[in-house]
Amino acid sequence: MSQIQDPTPLFPSRLPKVGTTVFTVMSALAANHQAINLGQGFPDFPCDPQLITGVNQAMIANHNQYPPMIGISELRDGIANKIANLYGHQYDPESEITITAGGTQGILTAILCCVSPGDEVVLIEPAYDSYRPSIELAGGKVRAVSLQATRDENGQVSAYEIPWQALTAAINSKTRLIIINTPHNPTGMVWERADLERLALLVKDTSALILSDEVYEHMVYDGAQHHSVASHPELAARSFLISSFGKTYHVTGWKVGYVAAPAAMTAEFRKVHQFNVFTVNTPMQYGLSSYLADASHYLNLPQFYQAKRDFFRSGLTSTKLKLLPTPGTYFQCVDYSKLNIPQAKLNESDFCQWLTKEIGVAAIPVSAFYEEPTESGVIRFCFAKKEQTLSNALERLQKL
Ligand code: GLN
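Residues numbered from 1 in each chain as written. Predicted model: local features only at pLDDT ≥ 70, side-chain atom pairs only at ≥ 80, totals over all residues. Heavy atoms only, no water.

### So, the overall build of the chain
On a plain count of helices and strands, the chain comes out with 15 helices and 15 strands. Its C-alpha atoms give the chain a radius of gyration of 21 Å, near enough to 21 Å, the size a compact globule of 400 residues would have. In terms of overall dimensions, the chain has C-alpha extents of about 65 × 60 × 50 Å along its principal axes. Counting the 400 residues in the chain, one finds 55% classified as buried. Of the contacts made within the chain by residues no fewer than 6 positions apart, 74% connect residues no fewer than 24 positions apart. In the structure as shown, the chain presents an accessible area of about 17,600 Å², 52% of it carried by carbon and sulfur atoms. The positive charge centre, built from 31 side chains, and the negative charge centre, built from 37, are 4 Å apart in the chain. (Helix = DSSP H or I, 4+ residues; strand = E, 2+ residues; numbered from the N terminus. Rg over C-alpha atoms; globule rule 2.2 N^0.38 Å. Buried < 20%, exposed > 50% of the residue type's maximum accessible area, 1.4 Å probe, protein only. Contact = heavy atoms within 4.5 Å. Areas by Shrake-Rupley, 256 points an atom, 1.4 Å probe, with all protein chains shown as cover. Lys, Arg positive; Asp, Glu negative; His and termini not counted. Charge placed at Lys NZ, Arg CZ, Asp CG, Glu CD.)

Structure (structure tokens):
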């Protein structure tokens, strides 16, 4: 007779504190409870059919074998042109740009190639959940600092700011890497030009490298601009710049992104990349390279997502949830702690579970972006959804 037993530990876990990522957990919960999934960040609308046609044509033209390990030259050329036009830095597509299996693989590979046991990596919490495990897999030590929240007279968060003092204190001779993320997941905060200047000053006399996660680069609103590390020569000279086509072209499932970095850093990056994924699927690269040639596809994105943000925010004002600012990304954070219901006292994770099961809208607890338990009564919604999906969710949220 078979017996259910605890899984036998065959070897010590490399990530003993890690469970399944919150995005996967919340998407499964949403599906089980037929909830509207505003949790995991992905669009529920189709991508441009032209992009699908491009991939299709590439398959028919027999672009189905391994592409070059670093990615096809057409796509790397297109990326180099885009970065040069938008941010004024000319990367060499041959030695400085690598196509990756999405942003997350680019982040892990960049960390694995430069962080050794004993090295320290500084990150700013709330931080995307892959950063810390990636650092731990490399044997690095995390030094986390927290974003500073500015509050208005009612105690509501009106803005987030970079904790310069804590950041300065966290950097020392062991600092190998500083991870920044702009526009920032989950708060939507965007770095200003002055922030880049300040970071450049901070690292000037150190050997710290920068990993800049800019996967939401085309989602900056109200006429503001995205300030890439590529726009700052001193930072570009020590940065891995990460971006993602999944976010920009509504194809998160394709898992295609890229990493741009100076040649000496890229050479080390590729040593790890070639034994990690080796390369990234060919037809998608061809489809993306022809689509990338038309800049309007990404230049129109701020306007496209700003309309969704404004629609969702204006709907939320008639609920009892308190809105936090959203200058960038496709995420809207809200404070539920002042709701006049007993569940307002729940921690963020339990509140999200309850919201998914009982109200029928899935969200992500912001506490999942911290290592130490941090509760501020704030959860994250993704508004990369059809207007009808957002309306349906808003109708349910009115009940709170
Ligand atoms: N970046 C996405 C988010 O923050 C999720 C990606 C994932 O599920 N791994 O929602």
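### Brief notes about the sheet that holds strand S9 (residues 239-244)
Pairing within the open sheet is mixed, and its seven strands lie in the order S2-S10-S9-S8-S7-S3-S4. Of all the strands in the sheet, just strand S2 (97-100) and strand S4 (141-146) have a single pairing partner and so form its edges. The sheet shows a mean angle of 20° between the axes of neighbouring strands, taken without regard to direction. In the sheet, strand S8 (residues 209-213) pairs with S9 via four bridges, with the strands oriented parallel. What sits directly across from Ile210, in S9, is Ser239. On top of the sheet, helix H3 (residues 73-87) reaches S2, S9 and strand S10 (257-260); it is set at about 115° to S2, its chief contact. (Pairing = 2+ DSSP bridges. Axes fitted to C-alpha atoms, helices over the stretch in contact; angles between N-to-C directions.)

### Section: the sheet that holds strand S14 (residues 364-365)
Read across the sheet, four strands follow the order S11-S12-S15-S14 without closing on themselves; strand pairing throughout is antiparallel. Looking along the sheet, the strands with just one partner apiece sit at the ends: strand S11 (322-323) and S14. Both strand S12 (residues 331-335) and strand S15 (residues 378-382) contribute to a ladder of five bridges, which runs antiparallel. Residue pairing in the sheet places Cys333 in a bridge with Arg380 of S15. Across the sheet, helix H14 (residues 348-359) touches S14 and S15, and the angle it forms with S15 is around 45°.

### Topic: empty space enclosed by the protein
This model, assessed by the stated rule, comprises two cavities of 30 Å³ or more. Put simply, the largest cavity is a space of about 70 Å³. Sorting elements by how many residues they give to the lining of the largest cavity places strand S7 (residues 175-181) first, with three residues. Grouping the constituent residues of the lining of the largest cavity by class yields 10 nonpolar, two polar and no charged. Forming the boundary of the second largest cavity are Lys82, Glu217, Ser243, Ser244, Phe245, Thr248, Tyr249, Tyr258, Leu292 and Tyr298. Among the secondary structure elements, those contributing two or more residues to the lining of the second largest cavity are S9 and helix H9 (245-248). (1 Å grid on protein atoms, 1.4 Å probe; cavity = no way out; pocket = protein on both sides within 12 Å on 5 of 7 lines; lining within 4 Å. Points joined across faces, edges and corners; volume = space filled by probe spheres on them. Nonpolar A, V, L, I, M, F, W, Y, C, P; charged D, E, K, R; others polar.)

### Description of helix H11 (residues 282-292)
Side chains that are three or four residues apart share a direction in an α-helix, a result of its 3.6 residues per turn. Most of H11 is tucked away, with nine of its 11 residues classed as buried. When we look at burial in H11, the residues that qualify are Thr282, Pro283, Met284, Gln285, Gly287, Leu288, Ser289, Tyr291 and Leu292. Elements that come into contact with the buried residues of H11 comprise helix H2 (49-60), H3, S2, H9 and helix H12 (296-299).

### Examining unusual backbone geometry
Cis geometry is found at the peptide bond from Glu125 to Pro126, where omega equals 5°. Along the polypeptide, Pro126 turns up in the loop between strand S3 (120-125) and helix H5 (131-137). Going from Asn185 to Pro186, the amide bond is cis rather than trans, its omega being 15°. On the secondary structure map, Pro186 appears in the loop between S7 and helix H7 (193-203). Positive phi, close to 60°, is recorded for Asp222, a residue that is not glycine. As for its position among the elements, Asp222 is in the loop between S8 and helix H8 (233-236). With relative accessibility at 52%, the residue Asp222 sits in the exposed group. Although it is not a glycine, Thr329 adopts a positive phi angle of roughly 70°.

Geometry only, nothing functional implied.
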